[in-house]
Amino acid sequence: MSIRRVGSGARMSQAVIHGNTAYLAGCVAREPDSKDVAAQTKDILEQIDATLAQAGSDKSKLLSATIWLSDISTFDQMNKVWDGWVSQGNTPARATVEAKLAAPRFKVEIGVIAAI
Amino acid sequence: MSIRRVGSGARMSQAVIHGNTAYLAGCVAREPDSKDVAAQTKDILEQIDATLAQAGSDKSKLLSATIWLSDISTFDQMNKVWDGWVSQGNTPARATVEAKLAAPRFKVEIGVIAAI
Amino acid sequence: MSIRRVGSGARMSQAVIHGNTAYLAGCVAREPDSKDVAAQTKDILEQIDATLAQAGSDKSKLLSATIWLSDISTFDQMNKVWDGWVSQGNTPARATVEAKLAAPRFKVEIGVIAAI
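These notes cover the structure that comes with them. As the structure is a prediction and not an experimental result, all values here were calculated from the model. The residue count restarts for each chain, going from 1 along the sequence in the order it is written. The naming scheme follows written order: chains are lettered A onward, ligands numbered 1 onward. The model is predicted, so local features are restricted to residues of pLDDT at least 70 and side-chain atom pairs to those at 80 or more, both for listing and for counting; the totals for chains, interfaces and linings are taken over all residues.

In this description, a residue-residue contact is defined by the distance between C-beta atoms placed from the backbone, which must lie within 7 Å. The interface of chain C with chain A comprises 23 residues on the first partner and 23 residues on the second. Among the secondary structure elements, those contributing two or more residues to the side of chain C that touches chain A are β4 (62-69), α2 (75-85), β5 (93-98) and β6 (108-115) of chain C. Each residue receives one of three labels: charged for Asp, Glu, Lys and Arg, nonpolar for Ala, Val, Leu, Ile, Met, Phe, Trp, Tyr, Cys and Pro, and polar for the others, Gly being one of them. Among the residues forming the side of chain C that touches chain A, the class breakdown is twelve nonpolar, seven polar and four charged. By the criteria applied, helices consist of DSSP H or I runs no shorter than four residues and strands consist of E runs no shorter than two, each listed in order from the N terminus.

Take the nonpolar core next. Considering soluble globular proteins, one finds that nonpolar side chains tend to be buried as a cluster. Ranked by internal contacts, the top residues of the largest apolar core, which has 117 residues, are Ala15(A), Ala15(B) and Ala15(C). The contacts of Ala15(B), once residues within four sequence positions are left out, are Ala93(A), Arg5(B), Val6(B), Gly7(B), Ala22(B), Tyr23(B), Leu24(B), Ala25(B), Thr51(B), Gln54(B) and Ala55(B). Working definition: the nonpolar core is a set of buried Ala, Val, Leu, Ile, Met, Phe, Trp, Tyr and Cys residues, joined through C-beta atoms within 7 Å. To sort residues by burial, count the other C-beta atoms lying within 10 Å of each one's C-beta; a count of 20 or more means buried, 12 or fewer means exposed, and anything in between means partly exposed. C-beta atoms are built from the backbone.

When the copies are overlaid, the least-squares fit takes in C-alpha atoms only where the residue has pLDDT of at least 70 in both copies. The two copies are related by a screw motion: chain C maps onto chain A through a turn of 120° and a shift of 0.0 Å along the axis, at an RMSD of 0.0 Å. What the superposition gives is, in effect, a three-fold axis relating one chain to the other. The position closest to the rotation axis in chain C is occupied by the C-alpha of Ala99(C), lying 3.7 Å away. When you check the interface residues of chain C against chain A, a mere 4% turn up at the interface there too, and the two sides of the contact use different surfaces.

Residue and element names in this part refer to chain A. With their axes 8 Å apart at the nearest point, helix α1 (residues 37-55) and helix α2 (residues 75-85) run at an angle of 35° to one another. Relative to α2, α1 is oriented so that their crossing is right-handed. Taking contact as the criterion, the partners of Val37, Ala38, Thr41, Lys42 and Leu45 in α1 are, on α2, Gln77, Met78, Lys80, Val81, Trp82 and Trp85. Fitted lines through C-alpha atoms serve as axes, helices being fitted only where they are in contact, and the angles separating the N-to-C directions of these axes extend from 0 to 180 degrees. Handedness of each helix crossing follows the sense of rotation of the near helix against the far helix: counterclockwise by less than a right angle gives left-handed, clockwise gives right-handed.

It is worth spelling out the sheet that holds β6(C) at this point. All names here are of chain C. Reading across from one edge, β1-β2-β3-β6-β4-β5 is the order of the six strands in this open sheet, with mixed pairing throughout. Lying at the two open borders of the sheet, with one neighbouring strand each, are β1 (3-8) and β5. Looking at each pair of strands side by side, their axes are set apart by 10° on average, direction ignored. Between any two strands, at least two bridges found by DSSP are needed for them to pair. In this structure, strand β3 (residues 21-24) lies alongside β6, joined through three bridges in antiparallel fashion. When the bridges of β6 are listed, Ala22 appears paired with Ala114. Together, β1, β2 (13-18), β3 and β6 form the strand contacts of helix α1 (residues 37-55), whose direction differs from that of β6 by roughly 25°.

The subject of this paragraph is the pairing of strand β5 (residues 93-98) of chain A. All names here are of chain A. β5 sits mainly inside the fold: six of its six residues count as buried. Burial along β5 is two-sided: Ala93, Ala95 and Val97 and Arg94, Thr96 and Glu98, pointing in opposite directions, are all buried. Where strand β4 (residues 62-69) lies against β5, six bridges are found, and the strand directions are parallel. Opposite Thr66, over in β5, you have Ala95 as the bridge partner.

It is worth spelling out the sheet that holds β5(A) at this point. Residues and elements named next belong to chain A. Judged by pairing direction, the sheet is mixed, and its six strands sit side by side in the order β1-β2-β3-β6-β4-β5 without closing on themselves. At either end of the open sheet lies a strand with only one pairing partner, and these are β1 (3-8) and β5. Within the sheet, the average angular offset between the axes of one strand and its neighbour, ignoring direction, is 10°. Both β1 and strand β2 (residues 13-18) contribute to a ladder of five bridges, which runs antiparallel. Bridge pairing in β2 places Arg4 opposite Ile17.

We now examine the environment of Ser13(A). Tracing the sequence through the fold places Ser13(A) in strand β2. In the structure, Ser13(A) is positioned 34 residues away from Gln47(A) in sequence and 14 Å away in space, judged by C-alpha atoms. Filtering out sequence-adjacent residues up to four positions away, Ser13(A) remains in contact with Arg5(A), Val6(A), Gly7(A), Ser8(A), Ala25(A), Thr91(C), Pro92(C) and Ala93(C).

Listed by partner, the interface residues are 23 residues for chain C and 23 residues for chain B. At the level of elements, β1, β2, β3 and β6 of chain C are the ones that each hand at least two residues to the side of chain C that touches chain B. At four residues, the largest contribution of residues to the side of chain C that touches chain B is made by β2(C). The class makeup of the residues in the side of chain C that touches chain B is 13 nonpolar, seven polar and three charged.

Following this line, the structure appears as structure tokens:
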């Protein structure tokens, strides 16, 4: 099966597509200092939409999602944005746990696997 | 490849099956307040058995498992139940790390990927 | 699709290969007490190279990687080794978060999915 990469850099790729499956990198918000958890989640999901499009997929084809929150007490704030974004009838398997992220300004990180 | 969902809700699905691969949501125990780590693990693995059955798979076809413990010092308690459950000769790749979960009453969360 | 296992034990397998996709277990360093984060990362990546070879793959076919650091402030130390190891032009999707690991002596754990 073929391997194709989107946004490939020296350390990682934003997505790697293998056959009919796309693996996306853990995504964090742009300009996180100015954003609360809801705004970071919104920004991340916009980036995921764009990366899925480049990979030839979209959010209705999400297979699984892993969500890391730097403070699990922000679960509801993240979910409010997630619930408004996710494709109804096509929701992925999901796991959400607390973890400190690469820098304290990052409050949310989301990684997904999608079908092509 | 086809996509099929099991236990699909507005936020997530309990399992998403893509071709011959099933991605299960991170699973936590039912009625966790009354259960210690061993009992939560047992309850989770029962739920995983049921979801795998609905997906057309079973524990002998597990590919990978991610286990999150809210307190890593309970590693041995979780493993005692895991070791008695997992299909001998058919064990998955596995990673176990500590993470706070959606609520403090949840001590264990397990997500798996399985073949169909 | 066929399922094949590498380094299969009573609790987990070092890798499970399903069709053209290999799922590797979360890998930690051997003799961790004598190793700092950089040395643990180097040791882990050597083990991943060996397991990928047994699975019929190699690091140029990595699809995704999850990296857990027991102290996220060691991000740069881990990355220095990672950046020198990963196959340029063929980098995987990646997520790195902080998590306590099975024992305090383990500073790094890495799990990967690779194409065959």
